[in-house]
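# Results of the structural survey
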There are 2 protein chains.
Amino acid sequence: MVLLSLPAAELLDRLASPDPTPGGGSAAALAGAVAAALVAMVCGMPKTRTGDPVERARLDGALAEARATGDRLRLLVDEDSAAYDAVVAAYRLPKATEEQKASRKRAVDAALAVATDVPLRTAEACLGVLEAARAAAENGNPSAASDARTAAALAWAGLKGAAENVRINLGAPAGPSDVRSRVESLESAAGATLGALGLAPAGTGPVAGR
Amino acid sequence: MVLLSLPAAELLDRLASPDPTPGGGSAAALAGAVAAALVAMVCGMPKTRTGDPVERARLDGALAEARATGDRLRLLVDEDSAAYDAVVAAYRLPKATEEQKASRKRAVDAALAVATDVPLRTAEACLGVLEAARAAAENGNPSAASDARTAAALAWAGLKGAAENVRINLGAPAGPSDVRSRVESLESAAGATLGALGLAPAGTGPVAGR
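Residues numbered from 1 in each chain as written. Chains lettered and ligands numbered in written order. Predicted model: local features only at pLDDT ≥ 70, side-chain atom pairs only at ≥ 80, totals over all residues. Heavy atoms only, no water.

## A word on unusual backbone geometry
Note the cis peptide between Thr 21 of chain A and Pro 22 of chain A, where omega equals -5 degrees. In this structure, Pro 22 of chain A sits in the loop between α1 (8–16) and α2 (24–44). (Helix = DSSP H or I, 4+ residues; strand = E, 2+ residues; numbered from the N terminus.)

## A short note on the interface of chain A and chain B
The interface is formed by 58 residues belonging to chain A together with 58 residues belonging to chain B. Carbon and sulfur atoms make up 68% of the surface buried where chain A meets chain B, a total of about 4500 Å² over both sides. Its largest share of buried area at the contact with chain B, chain A owes to Leu 12, Glu 164 and Pro 201 of chain A, together 13% of the area lost on that side. The interface formed by chain A and chain B contains four salt bridges. The salt bridge involving Arg 149 of chain A is made with Glu 164 of chain B; its shortest N-O contact spans 2.6 Å. (Contact = heavy atoms within 4.5 Å. Buried area = accessible area lost by both parts, 1.4 Å probe. Salt bridge = Lys/Arg side-chain N within 4 Å of Asp/Glu carboxyl O.)

## Details of the pattern of salt bridges
Where charged atoms from two side chains of opposite charge come close, those side chains can pair. Residue and element names in this part refer to chain A. Enumeration according to the criterion identifies 24 salt bridges over all chains in this entry. Its salt-bridge partner being Arg 121, residue Glu 79 comes within 2.9 Å of it at the nearest N-O pair. With Glu 79 in helix α3 (residues 53–91) and Arg 121 in helix α4 (residues 98–139), this pair connects stretches of sequence that are 42 residues apart. Judged by its relative accessible area of 33%, Arg 121 falls in the partly exposed class. A salt bridge links Asp 117 to Arg 121, with the shortest nitrogen-to-oxygen separation between them at 3.1 Å. (Buried < 20%, exposed > 50% of the residue type's maximum accessible area, 1.4 Å probe, protein only.)

## Focus: α1 of chain A
Three or more residues of α1 of chain A are buried, namely Ala 8, Ala 9, Leu 11, Leu 12 and Leu 15 of chain A. Down the axis of α1 of chain A, the smallest arc covering the buried residues is 160 degrees, so these residues share one side. The inward-facing, buried residues of α1 of chain A abut α2 of chain A together with α1 (8–16), α2 (24–44) and α3 (53–91) of chain B. (Arc of directions from axis to C-beta.)

## Focus on the confidence of the model for chain A
Residue and element names in this part refer to chain A. Scored by pLDDT, chain A comes out at a mean of 93, with 93% of its residues at no less than 70. Scored below 50 in pLDDT, residues 203–210 shows 15 contacts in the model against residues more than four places distant or in partner chains. The ipTM for the predicted assembly is 0.94, set against a pTM of 0.95. (pLDDT = per-residue confidence, 0-100.)

## Structural notes on the relation of the copies chain A and chain B
With an RMSD of 0.0 Å, chain A superimposes on chain B once it is rotated by 180 degrees and translated 0.0 Å along the axis. Each copy turns onto its partner about a two-fold axis. Here 100% of the contact residues of chain A are again contact residues in chain B; the copies associate through an equivalent surface. (Least-squares fit on C-alpha atoms with pLDDT ≥ 70 in both.)

## Side note on the side chain of Lys 160 of chain B
All names here are of chain B. Within the secondary structure, Lys 160 is located in helix α5 (residues 145–170). For Lys 160, a relative accessible area of 4% gives the class buried. At 3.0 Å, the side chain of Lys 160 forms a polar contact with the side chain of Glu 187. (Polar contact = N/O pair within 3.5 Å; in protein donor to acceptor, adjacent residues only side chain to side chain.)

## Remarks on the packing of α2 of chain A against α1 of chain B
Look at α2 of chain A against α1 of chain B: their axes get within 7 Å of each other, and the N-to-C directions meet at 30 degrees. With respect to their mutual orientation, α2 of chain A and α1 of chain B come out roughly parallel. For the pair α2 of chain A and α1 of chain B, the contacting residues are Ala 33, Val 34, Ala 37, Leu 38, Ala 40 and Met 41 of chain A in the first and Leu 12, Leu 15 and Ala 16 of chain B in the second. Its residues assigned to classes, the contact of α2 of chain A with α1 of chain B shows nine nonpolar, no polar and no charged. (Axes fitted to C-alpha atoms, helices over the stretch in contact; angles between N-to-C directions. Parallel < 35°, antiparallel > 145°, perpendicular 65-115°, else oblique. Nonpolar A, V, L, I, M, F, W, Y, C, P; charged D, E, K, R; others polar.)

So this is what it looks like as structure tokens:
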């Protein structure tokens, strides 16, 4: 966990530098990890919404999910950066001869496949965090409702950012259509959960604001 | 900048602890700061979308905005935590006598006013970042479009999370209506920008996905 061992302010400086990594993919994983941490906070509080034991069981389940996906997302912060560094390195391979060109193309394709898979896994983990955030908002301590709802918004944004990174690395109309449809189904599920919480942009979601 | 001087992984652990701070308000400011950093990255790249000098001027403007709002958001990470600690401290004041009750109420009201103002400023800064992210997406290096779009999603989420924190500290139907309407207008502007970028949840925004 190289990037997350940096002081947070320095990690922000690294994101802000014009170097391509760390970039949006790492930032998306970080947003998901922040959301997972907030979900863990709400689920770890002794108080539940009404005190009903069913709420405690749901919060325990959401806590386990937030911890597992949060750990995955922390690792994905570095994995995304490493994956894109490999893409840049592959593009820099020599391309003077036909043999070099073919070798370079194989290296670029292989690196892009990894750089597509990593944000796809980030998007999947963010959906887990978003669903756990919904459970936290619906069953947790009402004083922490804003924390759970903030977590939901951040997990949605992490998923959306990761999806953008999958698409750009897939390339325009090329790229395997199963990955495309997987991303779209993750986005659609995330949009529905955001809407169910009344967090979709005002006037556009199934539940408009609150 | 106490919280941002922690290693990023430790900051995540602090967010995940069941202690009320740092909580959603700090996480919202952090999300905005991450978004601002991504905008700075894209605007700091030498390449623009088509090479048109107008794009460079727009990116320079967005870079200045991202730096200024990013700096503010970094400070707001700590300010939010301090503001909520003051609320908790005020609620713990003695309330045995009428005089103590009156004094405690004044302290709670004053602390809640600050704890409302801080996330309101976070929401305002996030809108600045979101608009800068839009400029970066529309004028910046196309290879970094996913970074600019990730920044937009994160800035929107930071604004939304901050708005949730304003509302919970305002209290149910009480609280000044000018703050309420200010928050709603920020949310509405943010939703429109997100929609203009095609990032609103699929099928619900003005531009549905892409």
